[in-house]
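The lines below spell out each chain.
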Amino acid sequence: MDPSEDIAPIAILMDELRSEDVQLRLNAIHRISTIALALGPDRARDELIPFLQDSVDDEDEVLLALAEELGRNFEEYIGGPEYAHVLLGPLENLSAVEETLVRDKAAESITKISSVLSQAQIEQYYIPLVQRLSRGEWFTSRTSSCALYAPVYDKVAAPIQDDLRRGFASLAADDTPMVRRAAAKWLAPLVKKYTKAHVLSDGLAVYRKLQADDQDSVRLLTVEDLIAIAEQLSPVEVKEQLLKQIRQTMTDKSWRVRYMAASHFNELAEVVGTALVREELIGHFVQLLKDNEAEVRTAAAGQVPGFAKLLEKEVVLARIVPCVRDLCQDVSQHVRAALANQISGLAPLLGKDATIEHLLPLFLHLLKDEFPEVRLNIISKLELVNSVIGIELLSESLLPAIVELAEDKSWRVRQAIIEYIPLLATQLGKPFFDESLGNLCMSWLGDNVYSIREAAAVNLKKLTEVFGVEWSKEQIVPKVVGMGQHPNYLYRMTTVQAIMTIAPSLTLEVIRDNILDMLLQLASDPIPNIRFNVAKALEIIATSFGDTPEGVQLVQQKIAPVLEALKNDQDADVRFFSSRALQKAHALEA
């Protein structure tokens, strides 16, 4: 074999990685697995990896791609897991660069590699790497090292575990806030692997130090650490060891910390034990619901039903419902929207009478909210309330809100309400639906936004599935067919598209007796767009019903002749779609 061919892959890679063009360098990195395969395991270890180890001086996006590629089971190309530690070299260099995204991806790839390393490899190669990064001169490497403790902690011998705990504790006391922030972020996964004795001796000390940090960006990350530590302790120990920190976190002077506490409130409540929930957490939850920052109130509002599940009904009525009542009047629309999304979850907890007395007025209030998202959130979660109090009470106030949303000036709001109509239909039942919402559903077919007309057609199909073909034949089909005579071509087009959507849900009789004649008339419409959509609709009808003798007969007698005529249309699109429809129709006959 020619030695020059032998060198080719690595030489090409080196040339491309030295290219001026960033895109070329990126492409080269994405191909390193192919190049490693061409080189074979030995040369990949001896030539490719050392070369990559020296390629750290590049654009961030190239380094990010490299960090990602090395974490994609790359050990397979260099001889399998027993050589996986060789990849740690280039990734160690990438863990110390300035760009956060590259460092994070490098740490993620090192973590993936750690899962295939043996205990001997971890102790010989991985642990020294973690120690070097932890003692790095630049904060960047120390920051990266925080993520690397948890993955291997439970895979090494006890003396090395002691070293790891000490190493992590020194990172948590680092002078640089970025390193302490990383320590706060990665403490929770590490503490979960500690024995209870080590949680009490080491984990708590590190957590307390971080929880009292002067930087709120560090303190806010300790909320998840608090939950992880509380999980490891008994309720009595939580009260003894963590009560002070729980109080400080819930009443922190920084709203960002309180926001994190509110966001994770239910997780914390579930691990601290019922006694502490009653004695301490109810009061803190009420304070968070009344916080002077809207973001904190929004986060707390999202936790209402989850927290209420942990309390007795009387306590919910006495402490939580008054706060919910205040939040319904909140000045921030985001708080009201978050509450609207969650408030219905209280109904099953309170039961019918309490829901009617306390919650129903709040639903009705939120249904009249000026902000569409609030009204939508209420409507989307009505199933829970309906199952508790029944639709009669709801419907009186529900309808005006739906009609208002259906005519909202924002088409996205109109689209969202259309998507909820089938759900409402199942709840309201046929008579009520026909009387109140039937005309509304048809009016959307004439909307001036295409997405709404499209959603309206899909809605009619879903309603057919909910209420049955007979209902559709009486309520929907005549109105859709009527639109086929409209002077405006957009209405005629909507008719054809609605038929395309609904047809598979109807029966052959309804298609033959009520729809087909009008569709065949539109085959000679002056607008080419309508003619080729008719061809598409006829194709759908032929494929949906062509597997029965009656269907084949209908295709042969009525559909095929029209498609044959359309095949000679002057418009290319009409010819294309009619030919395709004919092919499918003939295939079915065959």
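Residues numbered from 1 in each chain as written. Predicted model: local features only at pLDDT ≥ 70, side-chain atom pairs only at ≥ 80, totals over all residues. Heavy atoms only, no water.

Visitor: How should I be thinking about the environment of Ser 33 in this particular structure?
Guide: Structurally, the position occupied by Ser 33 is in helix α3 (residues 32-39). On the basis of relative accessibility, which here comes to 15%, the residue Ser 33 falls in the buried class. Spatially, the C-alpha atom of Ser 33 lies 7.0 Å from that of Phe 74, the residues being 41 residues apart in sequence. The residues contacting Ser 33, other than those within four sequence positions of it, are Phe 74 and Tyr 77. (Helix = DSSP H or I, 4+ residues; strand = E, 2+ residues; numbered from the N terminus. Buried < 20%, exposed > 50% of the residue type's maximum accessible area, 1.4 Å probe, protein only. Contact = heavy atoms within 4.5 Å.)

Visitor: I keep staring at a negative patch on the surface and nothing clicks. Help me out?
Guide: Residues Glu 59, Asp 60, Glu 61 and Glu 98 make up a contiguous surface patch of negative charge. Secondary-structure assignment places Glu 98 in the loop between α6 (88-94) and α7 (100-114). (Patch = residues over 30% accessible without salt bridge, like charges linked within 9 Å, V, L, I, M, F, W, Y side chains within 5 Å. Areas by Shrake-Rupley, 256 points an atom, 1.4 Å probe, with all protein chains shown as cover. Salt bridge = Lys/Arg side-chain N within 4 Å of Asp/Glu carboxyl O. Lys, Arg positive; Asp, Glu negative; His and termini not counted. Charge placed at Lys NZ, Arg CZ, Asp CG, Glu CD.)

Visitor: Would you mind showing me how to read the packing of aromatic side chains here?
Guide: For any pair of aromatic rings, geometry is given as the distance between the ring centres together with the angle between the planes. For the structure on display, the rule yields 9 aromatic pairs. Residues Phe 285 and Phe 307 carry aromatic rings whose centres are separated by 4.6 Å and whose planes lie at 50° to one another, so their mutual orientation is tilted. Of the two residues, Phe 285 is situated in helix α19 (residues 274-289) and Phe 307 in helix α21 (residues 304-308); the sequence distance between them amounts to 22 residues. The class for Phe 285 is buried, based on a relative accessible area of 0%. By relative accessible area, which is 0% here, Phe 307 ends up buried. Taken together through their ring pairs, the aromatic side chains of Phe 265, Phe 285 and Phe 307 make up a single cluster. When the ring centre of Tyr 83 is taken as reference, the NZ or CZ atom of Arg 45 above it lies at 3.7 Å. Note that Lys 536 overlies the ring of Phe 577, its terminal NZ or CZ placed 5.0 Å from the centroid. (Phe/Tyr/Trp six-rings, centres within 6.5 Å; stacked < 30°, edge-to-face > 60°. Lys NZ or Arg CZ within 6 Å of the ring centre and 35° of its normal.)

Visitor: Please explain the pattern of salt bridges as it appears in this structure.
Guide: Think of it this way: side chains of opposite charge can pair up when their charged atoms draw near. By the definition in use, this model includes 24 salt bridges. In this structure, Asp 517 and Lys 558 form a salt bridge, with 3.3 Å as the shortest nitrogen-oxygen distance. In this pair, Asp 517 is assigned in helix α35 (residues 508-522) and Lys 558 in helix α37 (residues 549-566), connecting sequence segments 41 residues apart. For Asp 517, a relative accessible area of 44% puts it in the partly exposed group. Residue Lys 558 is classed as partly exposed on the basis of its relative accessible area of 31%.

Visitor: Explain the UniProt feature "repeat: HEAT" (unreviewed entry) in the protein chain to me, please; I cannot follow it from the model alone.
Guide: Under the local residue numbering, the UniProt record ascribes the feature "repeat: HEAT" (unreviewed entry) to residues 87-125, 242-280, 281-319, 320-358, 359-397, 398-436 and 515-548. The span residues 87-125 is 74% helix and 0% strand, and its two end C-alpha atoms sit 10 Å from each other. (UniProt positions renumbered as here; feature names shortened; annotations may be inferred.)

Visitor: Help me understand the packing of helix α13 (residues 196-211) against helix α16 (residues 235-250), please; the structure alone is not making it clear to me.
Guide: If you want to describe how two helices pack, look at the angle between their axes and the distance between the axes. Relative orientation of the contacting elements α13 and α16 amounts to 15°, with a least axis distance of 12 Å. In terms of axis orientation, α13 runs roughly parallel to α16. As for the relative orientation of α13 and α16, their crossing is left-handed in sense. Between α13, through Lys 196, Leu 200, Leu 204, Tyr 207, Arg 208 and Gln 211, and α16, the contact on the second element is made entirely by Glu 237, Gln 241, Leu 242, Gln 245, Gln 248 and Thr 249. Per-class residue counts for the contact of α13 with α16 are 4 nonpolar, 5 polar and 3 charged. (Axes fitted to C-alpha atoms, helices over the stretch in contact; angles between N-to-C directions. Parallel < 35°, antiparallel > 145°, perpendicular 65-115°, else oblique. Left-handed = near helix turned anticlockwise from the far one by under 90°. Nonpolar A, V, L, I, M, F, W, Y, C, P; charged D, E, K, R; others polar.)

Visitor: Please explain α7 as it appears in this structure.
Guide: Since one α-helical turn is 3.6 residues long, residues separated by three or four positions face the same way. End to end, α7 covers 21 Å across 15 residues, agreeing with the expected 21 Å (1.5 Å per residue, within 8%). Those residues of α7 lying buried are Val 102, Arg 103, Ala 106, Ala 107, Ser 109, Ile 110, Ile 113 and Ser 114. Each buried residue of α7 lies within a common arc of 160° when the element is viewed along its axis, so the set occupies one face. If you follow the buried residues of α7, they end up packed against α5 (60-70), α6, α8 (119-134), α9 (139-145) and α10 (150-153). Its side-chain oxygen placed 3.2 Å from the backbone nitrogen of Leu 101, Glu 99 serves as the N-cap of α7. (Expected span 1.5 Å × (residues − 1). Arc of directions from axis to C-beta. Polar contact = N/O pair within 3.5 Å; in protein donor to acceptor, adjacent residues only side chain to side chain.)

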